[in-house]
Amino acid sequence: MTKTSPDDPDNGLIHGLTARRIGLDSHDQAVILTRRDCLVCRSEGFAAHARVRVECNGRRIIATLYQIDSDWLEQGEAGLSESAWQRLGLSEGDTLHLAHPQPLNSLSLVRARIFGQPFSPGDLGIIIKDIVAGRYSDIHIAMFLTAMATRALNDQETRDLIQAMVAAGDVLEWSRPVIADKHCVGGLPANRTTPLVVAIIAACGLWMPKTSSRAITSPAGTADTMETLAPVDLDLAAMRRVVEREGGCVVWGGSVRLSPVDDMLIRVARVMDLDAEGQLIASVMSKKIAAGASHLVLDIPHGPTAKVRSLTEAQSLGDKLGAAASAFGVATRVVISDGRQPVGRGIGPALEARDLLAVLDNQPDAPEDLRQRALALAGELLELSGHVATGKGFALAESTLASGAAATKFRAICEAQGGLREPPLAARQFPILALRNGQVSSIDNRRLGRVAKLAGAPGAPAAGVDLHVRLGDSVAIGQPLFSIHSETAGELDYAREFAFSNGDIIELTPCR
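Note that the structure is a prediction, hence the values are computed from the model and not measured.

### With respect to the overall build of the protein chain
Line of reasoning, step 1. Scanning the protein chain for helices and strands turns up 18 helices and 19 strands.
Line of reasoning, step 2. A compact globule built from 512 residues should have a C-alpha radius of gyration of about 24 Å, and the protein chain, at 25 Å, falls within 12% of that.
Line of reasoning, step 3. Dimensions of the protein chain, computed from the C-alpha atoms along their principal axes, are close to 75 × 50 × 50 Å.
Line of reasoning, step 4. In the protein chain, 78% of the contacts between residues at least 6 apart in sequence involve partners at least 24 apart.
Line of reasoning, step 5. Roughly 21,600 Å² of accessible area belongs to the protein chain as shown, and the carbon and sulfur atoms make up 51% of that amount.
Line of reasoning, step 6. Placing the 52 positive and 59 negative side-chain charges of the protein chain at their respective mean positions leaves the two points 2 Å apart.

### A few points about the nonpolar core
Among soluble globular proteins, nonpolar side chains are generally buried collectively.
Line of reasoning, step 1. Counting residues in hydrophobic clusters, the biggest one holds 44 residues, and the most contacted among them are I128, I131, F144, L161, M285 and L321.
Line of reasoning, step 2. Going through the elements one at a time, α3 (107-114), α4 (123-132), α5 (138-150), α6 (155-167), α10 (260-272), α11 (277-290), β11 (295-302) and α12 (311-327) are the ones with two or more residues in this core.
Line of reasoning, step 3. Excluding residues that lie within four positions of it along the chain, I131 makes contacts with Y136, I141, F144, V261, M264 and L265.
Line of reasoning, step 4. Residues A180, V197, L229 and A358 belong to the second largest nonpolar core, which totals 43 residues.

### Brief notes about α6
Line of reasoning, step 1. Given a rise of 1.5 Å per residue, 13 residues ought to cover 18 Å, and the 18 Å separating the end C-alpha atoms of α6 matches this to within 8%.
Line of reasoning, step 2. What α6 keeps buried is the set E157, T158, L161, I162, A164, M165 and V166.
Line of reasoning, step 3. Close packing links the buried residues of α6 with α3, α4, α5, α10, α11 and α12.
Line of reasoning, step 4. A side-chain oxygen of the first residue of α6 lies 3.1 Å from the backbone nitrogen of Q156; this N-cap is N154.

### Comments concerning the pattern of salt bridges
Line of reasoning, step 1. Counted under the stated rule, the structure contains 33 salt bridges.
Line of reasoning, step 2. E55 is the partner of R60 in a salt bridge, and the nearest nitrogen-oxygen pair spans 3.8 Å. No difference in accessibility class separates R60 from E55, as the two residues are buried.
Line of reasoning, step 3. In this structure, a network of salt bridges that share partners links the residues R214, D224, E227 and D233.

### Examining the side chain of D224
Line of reasoning, step 1. In this fold, D224 is placed in helix α8 (residues 222-227).
Line of reasoning, step 2. Here A215 takes part through its backbone nitrogen, which lies 2.7 Å from a polar atom of the side chain of D224.

### What to know about the packing of α10 against α11
Line of reasoning, step 1. For the pair α10 and α11, the least separation of the axes is 10 Å and the interaxial angle reads 150°. Taken together, the axis directions place α10 and α11 in an arrangement best described as roughly antiparallel. Of the two elements, α10 crosses α11, and the hand of that crossing is left-handed. In this structure, α10 contributes D262, D263, L265, I266 and A269 to the contact, and α11 contributes Q279, S283 and K287.

### Some words on the confidence of the model for the protein chain
Line of reasoning, step 1. Averaged over every residue, the pLDDT of the protein chain is 93; residues scoring 70 or more account for 97%.
Line of reasoning, step 2. Counting contacts from residues 1-13, a segment whose pLDDT is below 50, to residues more than four positions away or on other chains yields 28 contacts.

### Re the packing of aromatic side chains
Line of reasoning, step 1. Summed over all chains, the structure comprises 3 aromatic pairs.
Line of reasoning, step 2. Ring centres 6.1 Å apart and planes at 85° place the aromatic pair W174 and W207 in the edge-to-face group. Here W207 lies in the loop between α7 (194-203) and β9 (208-212) and W174 lies in the loop between α6 and β8 (180-184), a separation of 33 residues in the sequence. Considered together, W174 and W207 belong to a single accessibility category, that of buried residues.
Line of reasoning, step 3. Summarising the aromatic geometry, the rings of F430 and F500 are spaced 6.1 Å apart at their centres and angled 80° between planes, so their arrangement reads as edge-to-face. You can see F430 sitting in strand β14 (residues 428-433) and its partner F500 sitting in helix α18 (residues 489-501), a full 70 residues away along the chain.
Line of reasoning, step 4. Owing to a relative accessible area of 54%, F500 belongs among the exposed residues under this scheme.
Line of reasoning, step 5. Above the plane of the ring of W252 lies R214, whose end atom (NZ or CZ) is 4.7 Å from the centre.
Line of reasoning, step 6. Over the ring of F430 we find R496, and its NZ or CZ is 4.6 Å from the ring centre.

About the cut-offs
- Residues numbered from 1 in each chain as written.
- Predicted model: local features only at pLDDT ≥ 70, side-chain atom pairs only at ≥ 80, totals over all residues.
- Heavy atoms only, no water.
- Helix = DSSP H or I, 4+ residues; strand = E, 2+ residues; numbered from the N terminus.
- Rg over C-alpha atoms; globule rule 2.2 N^0.38 Å.
- Contact = heavy atoms within 4.5 Å.
- Areas by Shrake-Rupley, 256 points an atom, 1.4 Å probe, with all protein chains shown as cover.
- Lys, Arg positive; Asp, Glu negative; His and termini not counted.
- Charge placed at Lys NZ, Arg CZ, Asp CG, Glu CD.
- Core = buried A, V, L, I, M, F, W, Y, C linked by side-chain atoms within 4.5 Å.
- Buried < 20%, exposed > 50% of the residue type's maximum accessible area, 1.4 Å probe, protein only.
- Expected span 1.5 Å × (residues − 1).
- Polar contact = N/O pair within 3.5 Å; in protein donor to acceptor, adjacent residues only side chain to side chain.
- Salt bridge = Lys/Arg side-chain N within 4 Å of Asp/Glu carboxyl O.
- Axes fitted to C-alpha atoms, helices over the stretch in contact; angles between N-to-C directions.
- Parallel < 35°, antiparallel > 145°, perpendicular 65-115°, else oblique.
- Left-handed = near helix turned anticlockwise from the far one by under 90°.
- pLDDT = per-residue confidence, 0-100.
- Phe/Tyr/Trp six-rings, centres within 6.5 Å; stacked < 30°, edge-to-face > 60°.
- Lys NZ or Arg CZ within 6 Å of the ring centre and 35° of its normal.

Shown next as structure tokens:
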């Protein structure tokens, strides 16, 4: 969004329409809706799916035009999506002015890349500025992502992309020289180690201001899980107050505008099922640099149904992430972990919150794999930051958890973020039973996550899957393998049908 002035050379010929709020959720896309016989559109030659500059009260956006053949809108009215409405700061009945946008010159840089020409210094900065300003449609963003996927970014281009993404948003600065952070590349259901690591690190006296994502294609993101326990939509000022008071936080990254272009790229990439390595590296590092991290532990799970499939791939990605971090002065340590099965038992926001509370409170039935993974990551971060000597981190993390100090700190962080909440419980549950005797030989992370999503997660926070078995367990016919949790009968039916038709989500082999 930009402000205009009377002598703006791009003012062009503009026309007035009356703004109407239509409650359309188009995520971060700005959409404007008019009648097909709209006189303004006819006079300017605007057709459906055109990119249109929309101005009001000195604010400007680029929106995608859609048109209707009905009287739902009056002649002279224009409906706007929530994204467009908020970015323009509109009130009902405001007058909108439409015009043709400036030519999108940076698109020629994207086209050149597709045909083999490398990005020159400054090119990626120009492209990212246009994307953040809303000048790129989803089709244009798809072109940019394709250009990076088909012709991989070299090291310098990756650094340029990281720098451009950081510059496009806010950058946090802290009063301490050591700011701890961690990141998991994802692809593994549950694995909700972040709140545990933040609690342990903060309880040990270090600062760890953690920004986390919501789910895009998974049953829960860290922000979704944390939101069942405390508010996460904190602005930068509130985030800073929490960290300065308690030494850590777990907030939604989308509310603090750190590398905002990253979410725009990810949303389109997920639809395309495209995961370019250069984009992944820039996504991770731009947010860490913008958050002010000085010491970063990277968790890279690998397994046949994880995002990273092989040990070789994990090692290569770790090396490249480490090199990118080093170029920006961030100390890193890479942890390559087992991604053959989910971490913990719950998959879905509230069920994952239940697991992490059980670990924090040292409950005897707490998931041991979640506990061990969180301790390992926290221990690595304590050593990397210089807080303890090499080899002493795990023991300090373990004693901090066992003493209750981590639990006390976590609850204090929740209170500082707006108050501790009780995770909700699902109204309906249904067990999926073993059809024969056997030993668990494989668990399909992706399809198990799909069951949780069909059950309603993450939109329904209590929905998801509760896993009852682990790799290597011996099970008897009729024994529950996992349970589906859902808020509605319809979602339970969808999830149950998918589970029944995919009977090898948890594969059993005959016991020896």
